[in-house]
Amino acid sequence: MSDKLGFTFYPKDWWTSDSFFELSLVQRYLYLESLFVMYSNGGFMKTQKTHLENRMRTQITDEDWQTVTERFVLIEGKFTHPSVNKRLRRTTANRENGKKGGRPPKNTTKTGENTLSEKPKKPNLETQNNPPLEREREREREREIKENIYSVPISSVENKNQENENPKNPWDQYSPLDFQSPRSDLLCDLEFITRIGNNQVISNEQTISWINKFFDSIETTKESHTTLQAYRKHCMNWINSKITNQKKYENNQTSTRRHEASRPSNGYGKL
């Protein structure tokens, strides 16, 4: 007997097979039990109904027996099934090969020594995709694009009638539209405004007011830059410095008032 042999059973294939839909619930069970008996007896089952009844300890109607057994093949007075024999041959071959140390190679020499059936394959020169690495590269590309945008020089329009003259006001080298460009860019940059607001714990409206004060200040002092990134850095440092100094001044004023309020009176000046 081949009671030590197992077989692979795929429920999905069974549930979608013709036998599953054409047989009744009792007939499905009889069909599977018959297959189990075949696997346990080298692929065959006796044709006597009583043989299966004794095994299952139940009675089988002639109709159910006829419906189930007509799906089998009769060989030398015994029932069998093509799929059972196919699986048994494969399982038996695998077991025998396992006893001999595994599956033998396809080609052998005249002396019986094993030889390689195929030449070694060349390694694949293409590396496999690495999703985490690809995401990191994508973030790096996004950062480079953003830095390039912020570092683009502001276009200037020279006055053709005053090419040989030094402008008295450095803002004169820009057109009226370019003159407002740095201010407009920073006032429209919500990310920049939010970062300053979070650092100084102020609202967006207050941040916008400080940005306008910054540009009013550098207009007065005749300071200018050639890139938006330089304006960003200068504006952030200027606002941080102004707000920090303002907070220090307010704290000093508060401390002075508290000190004066806590000083004891000497009574002078009273009538």
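Note that this is a predicted model, so its numbers are computed, not measured.

Colleague: Any chance you could explain the nonpolar core here in plain terms?
Modeller: Within soluble globular proteins, side chains that are nonpolar generally end up buried alongside one another. Counting 20 residues, the largest nonpolar core has Y31, L35, M38, M45 and F72 as its most contacted members. When residues in this core are grouped by element, the largest group, seven residues, is from helix 3 (residues 25-40). Excluding anything up to four places from it in sequence, M45 contacts S34, V37, M38, H51, W65, F72, K78 and F79. Ranked by size, the runner-up nonpolar core spans 16 residues in total, among them F192, F214, F215 and M236.

Colleague: Looking at this structure, I do not really get helix 12 (residues 228-262). What am I missing?
Modeller: Along an α-helix, residues three or four apart share an orientation, since each turn contains 3.6 residues. Taking 1.5 Å per residue as the helical rise, helix 12 with its 35 residues ought to reach 51 Å, and the 51 Å between its terminal C-alpha atoms agrees with that figure. Three or more residues of helix 12 are buried, namely L228, Y231, R232, H234, C235, M236, W238, I239 and I243.

Colleague: Teacher, can you tell me more about the sheet that holds strand 1 (residues 45-46) here?
Modeller: Backbone-to-backbone hydrogen bonds pair the strands of a sheet. The strands run either parallel or antiparallel. If you trace the three strands from one edge of the open sheet to the other, you get 1-3-2, paired in antiparallel fashion. The open sheet is flanked by strand 1 and strand 2 (73-75), the only strands paired with a single partner. Direction of pairing for strand 1 relative to strand 3 (residues 78-80): antiparallel, over a ladder of two bridges. Paired with M45 across the strands is F79, a residue of strand 3.

Colleague: What's the story with the pattern of salt bridges in this structure? I'm lost.
Modeller: Within this structure, the stated rule accounts for five salt bridges. For R232, the salt bridge goes to D189, with nearest N and O atoms at 2.4 Å. Here the residue R232 occupies a position in helix 12, and D189 occupies one in the loop between helix 9 (181-187) and helix 10 (190-200), the gap between them amounting to 43 residues. Linked through salt bridges whose partners overlap, the residues forming this network are K49, E53 and D62.

Colleague: How should the environment of L88 be read in this particular structure?
Modeller: Residue position: L88 is located in helix 6 (residues 82-99). The buried category is assigned to L88, whose relative accessible area is 9%.

Colleague: What is the right way to look at the side chain of Q200 in this model?
Modeller: With respect to the element layout, Q200 can be found in helix 10. Residue classification places Q200 among the buried positions, given a relative accessible area of 10%. Excluding its chain neighbours within four sequence positions, the residues that come into contact with Q200 are N240, I243 and K247.

Colleague: I'm lost on the packing of helix 10 against helix 12 in this one. Help?
Modeller: How two helices sit against one another is set out by the angle between their axes and by the gap between those axes. Close contact between helix 10 and helix 12 brings their axes to 11 Å; oriented N to C, the two are set at 25°. One finds that helix 10 runs roughly parallel with respect to helix 12. Crossing of helix 10 against helix 12: the hand is right-handed. Judged by residue contacts, F192, R195, I196 and Q200 of helix 10 engage R232, C235, M236, I239, N240, I243 and K247 from helix 12. Looking at side-chain class alone, the contact of helix 10 with helix 12 contains six nonpolar, two polar and three charged residues.

Cut-offs and rules
- Residues numbered from 1 in each chain as written.
- Predicted model: local features only at pLDDT ≥ 70, side-chain atom pairs only at ≥ 80, totals over all residues.
- Heavy atoms only, no water.
- Core = buried A, V, L, I, M, F, W, Y, C linked by side-chain atoms within 4.5 Å.
- Buried < 20%, exposed > 50% of the residue type's maximum accessible area, 1.4 Å probe, protein only.
- Helix = DSSP H or I, 4+ residues; strand = E, 2+ residues; numbered from the N terminus.
- Contact = heavy atoms within 4.5 Å.
- Expected span 1.5 Å × (residues − 1).
- Pairing = 2+ DSSP bridges.
- Salt bridge = Lys/Arg side-chain N within 4 Å of Asp/Glu carboxyl O.
- Axes fitted to C-alpha atoms, helices over the stretch in contact; angles between N-to-C directions.
- Parallel < 35°, antiparallel > 145°, perpendicular 65-115°, else oblique.
- Left-handed = near helix turned anticlockwise from the far one by under 90°.
- Nonpolar A, V, L, I, M, F, W, Y, C, P; charged D, E, K, R; others polar.

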